[in-house]
Amino acid sequence: MTKPINSTDTTQPATPCAPLKASSPPGPAFEMRFTSTPRGARLARRLAAVRLDAWGIPYGTDPHDAIVLIVAEFTANAVSHGHVPGRDFHLRLQVTPDGRTVRVEVTDTRTERHPRRPALPKSAAGIEENGRGLLLVSQLATRWDWHPRPDGPGKTIWAECALSSRVR
């Protein structure tokens, strides 16, 4: 059963995020663990979409669609490339205190497979059916990267998306 992360539960690892200004309260955040299966990735995408809408980033807007697409790509990669049997992946969404940026983080437990910076496809024909997800992320996100997970094996891939207006 997948449950929301409880801030008082010490058995669940916390995922680091970019430092926030000490003078500003943290923005809205959502985090949850999901089974490392296609169903878990689909649920993560749907819950992210619902949460963004609740935060005032409505369905059908460019920021909403871009963020949900990034969540879909990161969670699909966590299931396909970061899967370790018996281990879940972790999703975290957070709006920065100024309400101008949403940060997406997905943490998996596989250490040896790291995301590569995407290069433009060499073939104009575009026959390949995979390998373009992070290229898409690089076009949709303001910035993205990854880092090793500090509290155990694995890695966290993150992206930040600028919003056109302040989130409620």
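All of these numbers come straight from a predicted model, not from anything done at the bench.

Colleague: How should the environment of R87 be read in this particular structure?
Modeller: For R87, the position within the fold is in the loop between α2 (62-80) and β2 (89-95). Linking R87 and T109, residues 22 residues apart in sequence, is a C-alpha distance of 6.9 Å. The contacts of R87, once residues within four sequence positions are left out, are S36, T109 and P153.

Colleague: Would you mind going over the packing of helix α1 (residues 38-54) against α2 with me for this structure?
Modeller: The description of two packed helices rests on the angle between their axes and on the distance between the axes. For the pair α1 and α2, interaxial distance at closest approach is 9 Å and the crossing angle is 160°. The pairing of α1 with α2 is recorded here as roughly antiparallel in orientation. Along this stretch, α1 crosses α2, giving a crossing that reads as right-handed. Mapping the contact onto sequence places P38, A41, A44, R45, A48, A49, L52 and D53 in α1 and H64, I67, V68, V71, A72, T75, A76 and V79 in α2. Grouping the constituent residues of the contact of α1 with α2 by class yields 12 nonpolar, 2 polar and 2 charged.

Colleague: What's the story with the nonpolar core in this structure? I'm lost.
Modeller: Soluble, globular proteins show a tendency: their nonpolar side chains are buried together. Judged by nonpolar contacts, the single largest core of 32 residues is most densely connected at I67, I70, F74, L91, L93, V104 and V137. In terms of residues, this core owes the most to one element, α2, which gives 7 residues. Not counting residues up to four positions away in its chain, the partners in contact with L93 are P28, A29, F30, A48, W55, V71, R103 and V104.

Colleague: Looking at this structure, I do not really get the pattern of salt bridges. What am I missing?
Modeller: For the coordinates displayed, the defined rule picks out 6 salt bridges. Between E31 and R92 there is a salt bridge, and its shortest N-O distance comes to 2.4 Å. Taken as a pair, E31 in strand β1 (residues 29-34) and R92 in strand β2 lie far apart in primary sequence, 61 residues in all. With a shortest N-O distance of 2.8 Å, R103 and E160 are connected by a salt bridge. With R103 in strand β3 (residues 101-108) and E160 in strand β5 (residues 155-162), this pair connects stretches of sequence that are 57 residues apart.

Colleague: Sorry, what's going on with α2 here?
Modeller: Every α-helical turn comprises 3.6 residues, leaving residues that sit three or four positions apart pointing alike. Between its first and last C-alpha atoms α2 spans 27 Å; for 19 residues at 1.5 Å apiece the expected length is 27 Å, and the two agree. Buried within α2 we find H64, A66, I67, V68, I70, V71, A72, F74, T75, A78 and V79. The inward-facing, buried residues of α2 contact α1, β2, β3, α3 (133-140) and β5.

Rules of the game
- Residues numbered from 1 in each chain as written.
- Predicted model: local features only at pLDDT ≥ 70, side-chain atom pairs only at ≥ 80, totals over all residues.
- Heavy atoms only, no water.
- Helix = DSSP H or I, 4+ residues; strand = E, 2+ residues; numbered from the N terminus.
- Contact = heavy atoms within 4.5 Å.
- Axes fitted to C-alpha atoms, helices over the stretch in contact; angles between N-to-C directions.
- Parallel < 35°, antiparallel > 145°, perpendicular 65-115°, else oblique.
- Left-handed = near helix turned anticlockwise from the far one by under 90°.
- Nonpolar A, V, L, I, M, F, W, Y, C, P; charged D, E, K, R; others polar.
- Core = buried A, V, L, I, M, F, W, Y, C linked by side-chain atoms within 4.5 Å.
- Buried < 20%, exposed > 50% of the residue type's maximum accessible area, 1.4 Å probe, protein only.
- Salt bridge = Lys/Arg side-chain N within 4 Å of Asp/Glu carboxyl O.
- Expected span 1.5 Å × (residues − 1).

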